[in-house]
Amino acid sequence: MKKLLLLLLLSITAVAAMAQSKKNFEGSIQFSFEVSGGGEEMEMAKAFMPTGYLFRIKGENVRMTMQGGMMAAMMGDIVVNATKAQTYMINDAAKSAMMMPKDESKAADPSDKYEVQDGTDSKNIAGLACKHYIVKTKEGELVGEYWMTDELQVKVPKSKTAGNILTQGNNFGVKGFPLRVLMNQQGMQITMEAKELKAEKLSSDLFEIPKGYSVSDFNPAMFQMGGDE
């Protein structure tokens, strides 16, 4: 299913782009995740969809764990080890890891295609004040809504990959760290919202491939189902 693969790749780029911290935030952020729309194909894929994401951040390293849905068991965790400049998927059940290729493409400048408006739904999310922004195309079509905080000091650099859930707001010129994101992607509405933030010490081992695990290159065809072209 092409839309299932799209969500997989969005998840990978989302965690990769979080891998820098301005003030060495260390701890975890729990996000809920929901997908609606997308037609019959997405209805069939909902059993695979996660219901949440747990991000664990230590300095410039990030580990993302999918929660719920069959995709979580298929994928395992996505890890960015910024120290080694590597991104990989770790499946502890299979004792395996897949290395992600480096993206050498340049980020597109969206300023000539989109416009950002101040929204009216600013609120507190997970205990932090967030400002509301709305992004539309120049033709007036809604692209997404973002609730950004400047109280959580995690730097989110510009993404090199189009469609990144957690960094696309920054690419549009929206400032801060997203605690709630509502996006439209290929007829789907994707919603992520932070439910809990916890500052805690994390083991560096979380961001390493354990000894004895098999290591291979990432193969997106493994996550395409239903005879997609």
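Quick note: structure is the one above.
Just so we're clear, the structure is a prediction, and the values are computed from it rather than from any experiment.

**Observations regarding the overall build of the protein**
Step number 1: When helices and strands are counted, the protein shows 4 helices and 13 strands.
Step number 2: Residue burial in the protein is summarised as follows: out of 229 residues, 50% are buried.
Step number 3: Pairs at least 24 apart in sequence give 60% of the contacts found in the protein among residues at least 6 apart.
Step number 4: Accessible surface, the protein as shown: approximately 11,400 Å² in total, 49% of it carbon and sulfur.

**What to know about the side chain of Thr-87**
Step number 1: By the secondary structure assignment, Thr-87 is in strand E5 (residues 86-91).
Step number 2: Residue Thr-87 is classed as buried on the basis of its relative accessible area of 18%.
Step number 3: Excluding its chain neighbours within four sequence positions, the residues that come into contact with Thr-87 are Ile-78, Val-79, Val-80, Met-98, Met-99 and Met-100.

**Comments concerning unusual backbone geometry**
Step number 1: For Ala-85, which is not a glycine, the phi torsion comes out positive at approximately 55°.
Step number 2: In this structure, Ala-85 sits in the loop between strand E4 (77-81) and E5.
Step number 3: The phi dihedral of Ala-126 falls on the positive side, at around 55°, and the residue is not glycine.
Step number 4: Positionally, Ala-126 belongs in the loop between strand E8 (123-125) and strand E9 (128-137).

**Side note on the pattern of salt bridges**
Step number 1: One pass over the full model with this rule turns up 10 salt bridges.
Step number 2: In this structure, Glu-26 engages Lys-58 in a salt bridge whose closest nitrogen and oxygen atoms are separated by 2.7 Å. Of this pair, Glu-26 sits in strand E1 (residues 26-37) while Lys-58 sits in strand E2 (residues 52-58); the two residues are 32 residues apart in sequence, bridging distant segments of the chain.
Step number 3: Residue classification places Glu-26 among the buried residues on the basis of a relative accessible area of 16%.
Step number 4: In this structure, Asp-77 and Arg-56 form a salt bridge, with 3.7 Å as the shortest nitrogen-oxygen distance. In this pair, Asp-77 is assigned in strand E4 and Arg-56 in strand E2, connecting sequence segments 21 residues apart. Comparing Asp-77 with Arg-56 shows no difference in burial state: the two are buried.
Step number 5: Overlapping salt bridges, with partners in common, bring together Arg-56, Arg-63, Asp-77 and Asp-92 in one network.

**Structural notes on the pairing of E4**
Step number 1: With 5 of 5 residues buried, E4 is to be regarded as a mostly interior element.
Step number 2: By the bridge criterion, 3 bridges tie strand E3 (residues 61-67) to E4 in an arrangement that is antiparallel. Across the sheet, Met-64 pairs through a bridge with Ile-78, a residue of E4.
Step number 3: In the sheet, E4 pairs with E5 via 5 bridges, with the strands oriented antiparallel. Paired with Asp-77 across the strands is Ile-90, a residue of E5.
Step number 4: Linkage of E4 to E5, two consecutive antiparallel strands, is achieved through a turn of 4 residues, within which Ala-85 is found at a positive phi near 55°.

About the thresholds
Here, residues in each chain are numbered from 1, in the same order as that chain's written sequence. Where totals are concerned, whole chains, interfaces and linings use all residues; where local detail is concerned, this predicted model gives features only for residues with pLDDT of at least 70, and gives and counts side-chain atom pairs only at 80 or more. By convention in this description, side-chain values take in all heavy atoms of the structure and omit both hydrogens and water. Think of it this way: any DSSP run of H or I at least four residues long counts as a helix, any run of E at least two long counts as a strand, and we number them from the N terminus. Accessibility here uses a 1.4 Å probe with only protein chains present; expressed as a share of the type maximum, an area under 20% marks a residue as buried, one over 50% as exposed, and anything in between as partly exposed. The criterion used for residue contact is that any of the two residues' heavy atoms lie within 4.5 Å. All accessible-area figures derive from a Shrake-Rupley calculation using a 1.4 Å probe, and residue coverage is judged against the displayed protein chains alone. Any Lys or Arg side-chain nitrogen found within 4 Å of a carboxyl oxygen on Asp or Glu counts as a salt bridge. Strand pairing requires that DSSP identify at least two bridges connecting the strands.

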